[in-house]
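Overview (structure and organization)
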Amino acid sequence: MPRAASIVTLVVGFAFAAQPLSAMQLTPQQSDFTAADRKTLTQIMAAGKASAVAERAAIQKAVLWFDKRMGPVIGTTTRVARADIRNRADASNYDCWDSTRNVSSLLLVLQQWGLLKHHTVGNPRYRGNILAMQLPHNTAVIVEKESRIEWAVDMWTTKYLPV
């Protein structure tokens, strides 16, 4: 089976579109997590220690928490689902490029903190073909250590979910 065919999607349950410059530049080095943020993420991820399946569910919750935590800070609490180039440069939305960058950054922070036991952070994945009228799409990826199956972590699919 080709490697690309082994990607399984973990839908997180929210979406992003073209976001403001400050949010688009999040990286693990620039993310300013407080001690309380780290404690919350550690508690969320603790629920995933038992298995790869439990860890994926914990990652889903961590990404949802991250979205709720950062939305008011970066002004994306009104973003829409599946935003893309048709939404233009609306500063309240993320597109999949922004979503991929921010989720990958969060996943790298979780990995640096030693909170991922069953997965590693993989390279983001790309799909789409403009020539075939398919808009491009990107997503963050985690790789299950035991099976080497890649899982997409994609928060682009639904709108901002208020707390």
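What counts as what
Residues numbered from 1 in each chain as written. Predicted model: local features only at pLDDT ≥ 70, side-chain atom pairs only at ≥ 80, totals over all residues. Heavy atoms only, no water. Core = buried A, V, L, I, M, F, W, Y, C linked by side-chain atoms within 4.5 Å. Buried < 20%, exposed > 50% of the residue type's maximum accessible area, 1.4 Å probe, protein only. Helix = DSSP H or I, 4+ residues; strand = E, 2+ residues; numbered from the N terminus. Salt bridge = Lys/Arg side-chain N within 4 Å of Asp/Glu carboxyl O. Phe/Tyr/Trp six-rings, centres within 6.5 Å; stacked < 30°, edge-to-face > 60°. Lys NZ or Arg CZ within 6 Å of the ring centre and 35° of its normal. Polar contact = N/O pair within 3.5 Å; in protein donor to acceptor, adjacent residues only side chain to side chain. Contact = heavy atoms within 4.5 Å. Expected span 1.5 Å × (residues − 1). Arc of directions from axis to C-beta.

Comments concerning the nonpolar core
- Residues M45, I59, L107, L110 and V153 are the most contacted members of the largest nonpolar core, which totals 25 residues.
- Elements supplying a minimum of two residues to this core: α2 (35–46), α3 (52–74), α4 (96–112), β4 (137–144) and β5 (150–154).
- A per-element tally of this core places α3 first, with 8 residues.

Remarks on the pattern of salt bridges
- Scanning the model with the defined rule gives 3 salt bridges in all.
- Between R56 and E144 there is a salt bridge, and its shortest N-O distance comes to 3.0 Å. Here R56, found in helix α3, pairs with E144, found in strand β4; they are 88 residues apart in sequence, far enough to count as distant. Each member of the pair, R56 as well as E144, is classed as buried.

A closer look at the packing of aromatic side chains
- What the rule picks out here adds up to 3 aromatic pairs.
- Measuring from centroid to centroid gives 6.5 Å for F33 and W65, while their planes differ by 25 degrees, and the two rings are stacked. Of this pair, F33 sits in the loop between α1 (21–24) and α2 while W65 sits in helix α3; the two residues are 32 residues apart in sequence, bridging distant segments of the chain.
- Here the basic side chain of R56 rests over the ring of W151, its NZ or CZ set 3.7 Å away from the ring centre.

Topic: unusual backbone geometry
- Positioned with a positive phi, R148 is a non-glycine residue whose angle comes to about 65 degrees.
- Relative to the helices and strands, R148 is located in the loop between β4 and β5.

A closer look at the environment of R148
- Judged by its relative accessible area of 47%, R148 falls in the partly exposed class.
- Expressed as a C-alpha distance, the spacing of R148 and H119, which sit 29 residues apart in the sequence, is 8.7 Å.

As for the side chain of T139
- Among the structural elements, T139 can be located in strand β4.
- Among the polar contacts listed, one links the side chain of T139 to the backbone oxygen of V153, at a separation of 3.3 Å.
- Here T139 is in contact with T100, P124, R125, A152, V153 and D154, once residues within four sequence places are set aside.

Section: α2
- Compared with an ideal rise of 1.5 Å per residue, which puts 12 residues at 16 Å, α2 spans 16 Å between its outermost C-alpha atoms and is within 8% of the ideal.
- Of all the positions in α2, only D37, L41, I44 and M45 are classed as buried. For α2, the buried positions fall inside an angular range of 95 degrees around the axis, keeping them on one side. Exposed residues pointing more than 90 degrees away from the buried face of α2 are listed as A35, K39 and Q43.

Interpretation note: all reported values are geometric properties and have no functional meaning in isolation.
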